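Coordinate analysis (summary)
In case you want the letters, here they are:
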Amino acid sequence: MQIFGVDIGGSGIKGAPVDLDRGDLAQERLKVLTPHPATPDTVADGVKEVVDHFGWTGPVGITFPGVVTGGATIRTAANVDKSWIDTDARALLGERLGGLPVTVINDADAAGVAEMQFGAGRDRRGTVIMLTFGTGIGSALFIDGVLVPNTELGHLELHGHDAEKRASSKAKEDHDLSWEHWAHRVQAYLAHVEMLFSPELFIIGGGVSRKSGKFLHFIEGIKAEMVPAQLQNNAGIVGAAMRAAKEG
């Protein structure tokens, strides 16, 4: 069974058909740059470009980098234009895609759902936290495999700032940090999250999951097991498609 997944991020919009039996992309994904400003209309155009590229005519699952309530309404928009707030994303994107059935889910929640089903969290019980390091820091919290949605732990305060302003991969690039220096920031963030939730497992996702060998060994003093995401940066696309199949 195939469903289309789209992952809207602060820097790129990427998507592909997903093979839900394998939990992997059925075709090579297409990525377009996220427009600036990333308003509802301009982002919807980017989503349409990605979906149209494949000639897709079925259900589409779409992630959003912020809180999504009721499967449709956007409540926060930290890394896209603030005009997204209170937008009915499902209606907007469904209309832009010519009436295709659309499902919308928080981006990190989608990535987490995919990792729990097909990746590093498979068959893991207890408290598992997936963290995606990219333009911001996304989070997905699972208790015995059940998602607690929209946790947005990247906005926890760390040293007087939003944690994602100090420890996201964008912060690494913006401040030209070495892997070791950045890893120490991530360590401080993980220690804070661990103090609050005491997880058994941290899954480290986002684009940096491909480069875990460059930084994970610098992180010390964390009691939870730490592993890179197995689906790497495709987890959001896969999770979006999984949610669309579930709701369809």
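Let us look at the structure shown here. As the structure is a computational prediction, the values presented were derived from the model and not from experiment. (Residues numbered from 1 in each chain as written. Predicted model: local features only at pLDDT ≥ 70, side-chain atom pairs only at ≥ 80, totals over all residues. Heavy atoms only, no water.)

Evaluation of the coordinates by the stated rule reveals ten salt bridges. Connected through salt bridges with shared partners, the residues Asp19, Arg22 and Asp24 form a single ionic network. (Salt bridge = Lys/Arg side-chain N within 4 Å of Asp/Glu carboxyl O.)

Below, the discussion takes up a positive patch on the surface. Side chains of Lys31, Arg210, Lys211 and Lys214 sit close together on the surface and give a patch of like positive charge. Within the element layout of this structure, Arg210 appears in the loop between β14 (201–205) and β15 (225–228). (Patch = residues over 30% accessible without salt bridge, like charges linked within 9 Å, V, L, I, M, F, W, Y side chains within 5 Å. Areas by Shrake-Rupley, 256 points an atom, 1.4 Å probe, with all protein chains shown as cover. Lys, Arg positive; Asp, Glu negative; His and termini not counted. Charge placed at Lys NZ, Arg CZ, Asp CG, Glu CD. Helix = DSSP H or I, 4+ residues; strand = E, 2+ residues; numbered from the N terminus.)

With that settled, the discussion passes to the environment of Val68. Note on placement: Val68 falls in strand β6 (residues 68–69). With a relative accessible area of 8%, Val68 lands in the buried category. Separated by 82 residues in the primary sequence, Val68 and Asn150 have C-alpha atoms spaced 7.0 Å apart. (Buried < 20%, exposed > 50% of the residue type's maximum accessible area, 1.4 Å probe, protein only.)

Now for the nonpolar core. Core analysis: the biggest nonpolar cluster contains 54 residues, and Val6, Val47, Val51, Val60, Ile62 and Trp84 have the highest contact counts within it. When residues of this core are assigned to their parent elements, the largest contribution, six residues, is made by helix α7 (residues 235–247). In this structure, Phe133, Ala167, Val193 and Ile204 belong to the second largest nonpolar core, which totals 25 residues. (Core = buried A, V, L, I, M, F, W, Y, C linked by side-chain atoms within 4.5 Å.)

The next thing to look at is the packing of helix α3 (residues 107–118) against α7. Interaxial distance between α3 and α7 falls to 7 Å at its minimum, and their mutual angle equals 85°. Considering their axes alone, α3 and α7 lie roughly perpendicular with respect to each other. On α7, the residues that touch Ala110, Ala111, Val113, Ala114, Glu115, Gln117 and Phe118 of α3 are Ala235, Gly236, Val238, Gly239, Ala240 and Met242. Here the contact of α3 with α7 is composed, by residue class, of nine nonpolar, three polar and one charged. (Axes fitted to C-alpha atoms, helices over the stretch in contact; angles between N-to-C directions. Parallel < 35°, antiparallel > 145°, perpendicular 65-115°, else oblique. Contact = heavy atoms within 4.5 Å. Nonpolar A, V, L, I, M, F, W, Y, C, P; charged D, E, K, R; others polar.)

In the segment running from His36 into Pro37, the intervening peptide bond is cis, with an omega of 0°. Mapping Pro37 onto the fold places it in the loop between β4 (30–33) and α1 (40–53). One non-glycine residue, Asn150, lies in the positive phi region at around 60°. Here Asn150 is to be found in the loop between β11 (146–148) and β12 (157–158).

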